[in-house]
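Commentary on secondary and tertiary structure
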Amino acid sequence: MGKKDIIAAIDIGSSKVVALIAIVEDGGINIVGIGQHPSNGVSKGQIINIDKTTNDIQEAMNSATLMAGVKFTRLYVGIGGGHIETITSKGMVAIQRGNIPITKEDVGRVIEQAKAIAIPTDREISHIIPQEFKVNEEIETNDPIGMTGIRLEGNIKIITSSSYSVQNIKRCIEKAHLKNAIYVVNPIASAYATFDENEKKMGAIMLDIGAETTSIVIYEKGNLRYVGVVEIGGEFITKDIVYGLNTTRENAENFKINYGCARLDMVDDNEIIEVPGVSGRAPRKISKQEFIQIIEPRTREILELAYAKIIKESDVPIDRIGAGLILTGGTANLPGISELGEDIFNLRGRIGNPMGVSGIGENIYDPAFSTSVGLIKYAVTEEGTSESSRGMSRPQEGWIKKIFDWLKDI
Ligand SMILES: Nc1ncnc2c1ncn2[C@@H]1O[C@H](COP(=O)(O)OP(=O)(O)OP(=O)(O)O)[C@@H](O)[C@H]1O
Ligand SMILES: [Mg+2]
């Protein structure tokens with residue numbers, strides 16, 4: 001029997017704050033508490049009002065704990081915003097011990113060297129992700145431990161965040177009387193909930209399109225290659241509807257959810273919808289085509305901005321993406337968005353509903369829960385305390401964790 005572990009996660013989004021509590025036992029993840037509260041102090045993924053966000057976190061966490069009826073032992077919190085960046089670095093060490101195989105200490109030295117790059121004082125390292133290693137300039141492997149050679153080289157991806165942004169999140173967590181949180185960037189969290197193993201190996205691009213941010217993650221050949229965030233999301237579509245239909249934000253949001261579609265060619269020519277009038281004015285009738293003409297260009301822009309950022313910043317050419325596109329985040333609920341994504345990326349699309357957990361309510365399988373569910377999955381995969389949960393990680397993660405434990409010790 002595996003040890004029982006109780007993990008909490010907090011996703012501080014631009015539209016909502018989510019708290020989850022999960023029981024992890026025998027490798028299974030069971031969500032036993034969900035709390036949600038509208039987010040009042042976040043803009044484009046970053047906290048702009050400490051008191052409001054603290055309150056929203058407390059409200060979400062109170063509902064989750066009340067529902068769960070258990071106390072959690074570990075807490076994972078997401079970091080959001082356009083300040084999250086990927087840096088590629090390299091480390092190289094000599095191994096002068098004759099025929100003694102490469103040890104985790106050698107790999108640790110490569111990582112330490114790759115890490116020793118200049119990072120501006122207002123930024124900090126959020127994640128270090130080892131990629132391929134090269135032994136003696138020829139053999140490429142994800143796991144060099146035990147191999148023999150005189151030279152070990154490694155590519156490392158370093159994910160950095162703005163220290164100010166992270167400090168603001170930490171302040172809210174502290175003010176909400178929550179302790180010992182571990183911080184994970186939102187894109188990586190969402191990726192843990194949505195990628196399957198084949199997609200990681202064959203290569204896939206995930207876009208988490210939220211309210212005011214779009215998170216990007218690329219996996220290829222089993223390695224996480226790129227993380228980035230564009231400051232645009234579904235709320236921009238809602239704002240366009242407000243102006244386009246001269247209606248309230250609330251009406252526009254309801255309209256988007258009830259009648260929205262990302263592609264003009266997917267809607268019926270003669271369908272008519274009624275726009276409620278503002279402050280007692282008579283309702284108006286418009287064709288659905290007219291309505292979708294407001295939505296399609298902005299949705300296209302969101303996808304195109306993500307595409308352009310990938311082309312500019314990622315070192316994985318799109319033609320090496322074998323599996324395709326994963327669309328998640330609340331805006332992935334917009335009908336036709338996967339098809340529009342297919343056109344723009346020229347990749348096969350699918351909607352990324354959070355996977356690998358069970359629990360109360362259908363809610364957690366909504367793409368809007370990818371980040372929060374992913375935080376729990378990250379906790380289980382990367383820092384699993386029970387043997388059973390550790391067994392769920394991909395092979396590489398086990399030994400990488402050992403190296404990180406060793407790095408922490410020195
Ligand atoms: N059925 C739907 N059709 C279109 N859009 C939808 C639908 N359901 C939700 N959305 C949109 O999803 C967005 C919220 O997504 P999500 O909850 O992932 O955002 P968030 O995590 O709060 O924000 P962010 O990640 O950008 O900080 C809103 O813009 C909302 O209008
Ligand atoms: Mg989000």
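Residues numbered from 1 in each chain as written. Chains lettered and ligands numbered in written order. Predicted model: local features only at pLDDT ≥ 70, side-chain atom pairs only at ≥ 80, totals over all residues.

In this section: the nonpolar core. Of all hydrophobic cores here, the largest spans 93 residues; its most connected members are Leu-20, Ile-205, Ile-216, Val-217 and Ile-376. The greatest single-element share of this core, amounting to nine residues, is contributed by helix α8 (residues 288-313). Discounting residues that sit within four places of it in the chain, Ile-205 has contacts with Ile-216, Ile-218, Ile-310, Ile-321, Leu-325, Phe-345 and Leu-347. (Core = buried A, V, L, I, M, F, W, Y, C linked by C-beta atoms within 7 Å. Buried ≥ 20, exposed ≤ 12 C-beta atoms within 10 Å, placed from the backbone. Helix = DSSP H or I, 4+ residues; strand = E, 2+ residues; numbered from the N terminus. Contact = placed C-beta atoms within 7 Å.)

What follows deals with the UniProt feature "domain: SHS2" (unreviewed entry) in the chain. Under the feature "domain: SHS2" (unreviewed entry), the UniProt entry names residues 7-194. The span residues 7-194 is 28% helical and 43% strand by assignment, and the distance between its end C-alpha atoms comes to 19 Å. (UniProt positions renumbered as here; feature names shortened; annotations may be inferred.)

Let's shift gears to the sheet that holds strand β17 (residues 324-328). Strand pairs in the sheet, formed through backbone hydrogen bonds, run parallel or antiparallel to each other. Across the sheet, which stays open at both edges, the five strands sit in the order β14-β13-β12-β17-β18 with mixed pairing between neighbours. Two strands bound the open sheet, and with one partner strand each, they are β14 (223-230) and β18 (349-351). In this sheet, neighbouring strand axes are inclined to one another by 20° on average, regardless of whether the strands run parallel or antiparallel. Inspection of the sheet shows strand β12 (residues 204-209) paired to β17 by five bridges, in the parallel sense. (Pairing = 2+ DSSP bridges. Axes fitted to C-alpha atoms, helices over the stretch in contact; angles between N-to-C directions.)

Across the interface, helix α6 (residues 234-245) lies against α8 with an axial gap of 9 Å and an inter-helix angle of 150°. With respect to their mutual orientation, α6 and α8 come out roughly antiparallel. In this structure, α6 meets α8 at a crossing whose hand is right-handed. Contacts between α6 and α8 involve Phe-236, Ile-237, Asp-240, Ile-241 and Gly-244 from the first element and Ile-294, Ile-295, Arg-298 and Thr-299 from the second. Classifying every residue of the contact of α6 with α8 gives five nonpolar, two polar and two charged. (Parallel < 35°, antiparallel > 145°, perpendicular 65-115°, else oblique. Left-handed = near helix turned anticlockwise from the far one by under 90°. Nonpolar A, V, L, I, M, F, W, Y, C, P; charged D, E, K, R; others polar.)

Interaxial distance between helix α4 (residues 186-194) and helix α10 (residues 370-383) falls to 7 Å at its minimum, and their mutual angle equals 80°. The angle between the axes of α4 and α10 places the two elements in the roughly perpendicular class. Here α4 contributes Asn-186, Ile-188, Ala-189, Ser-190, Ala-191, Tyr-192, Ala-193 and Thr-194 to the contact with α10, which in turn contributes Ser-370, Thr-371, Val-373, Gly-374, Leu-375, Lys-377, Tyr-378 and Thr-381. When its residues are assigned to classes, the contact of α4 with α10 shows eight nonpolar, seven polar and one charged.

Take the site of ligand 1 next. Near ligand 1 you find 25 residues, and of these Gly-13, Ser-14, Gly-210, Gly-234 and Gly-330 are the closest. Those elements that place two or more of their residues in the shell around ligand 1 are α6 and α7 (249-259). Here the residues of the shell around ligand 1 sort into four nonpolar, 16 polar and five charged. (Near = placed C-beta within 6 Å.)

Let us now look at the pairing of strand β6 (residues 74-79). Successive side chains on a regular strand alternate, one facing one side of the sheet and the next facing the other. Burial analysis of β6 places five of its six residues in the buried class, which makes it a mostly covered element. As paired elements, strand β1 (residues 5-12) and β6 share four bridges and run parallel to each other. Counted as the bridge partner of Ala-9 is Tyr-76 from β6. As judged from the five bridges shared by β6 and strand β11 (residues 181-185), these two strands associate in the parallel manner. Pairing of Ile-79 across the sheet is with Val-185, part of β11.

Counted residue by residue, strand β13 (residues 214-220) has seven buried out of seven residues, so it is predominantly covered. Residues of β13 alternate between two faces, with Thr-214, Ile-216, Ile-218 and Glu-220 on one and Ser-215, Val-217 and Tyr-219 on the opposite face, all of them buried. The antiparallel hairpin formed by β12 and β13 contains four residues in its connecting segment. Pairing between β13 and β14: seven bridges, direction antiparallel. The partner of Thr-214 across the bridge, within β14, is Val-230.

Before going further, it helps to examine the sheet that holds β11. Strand order in the open sheet formed by six strands is β11-β6-β1-β2-β3-β19, and the pairing between neighbours is mixed. Single-partner strands in this sheet number two, and they are β11 and β19 (358-359). Relative to strand β3 (residues 28-38), strand β2 (residues 16-25) runs antiparallel, the two being bridged by 10 bridges. Within β3, the residue paired with Val-17 across the bridge is His-37. Each of β6 and β11 touches α4; the most contacted strand, β11, lies at about 85° to it. With respect to the sheet, α10 is in contact with β1, β2, β3, β6 and β11, its orientation differing from that of β1 by roughly 140°.

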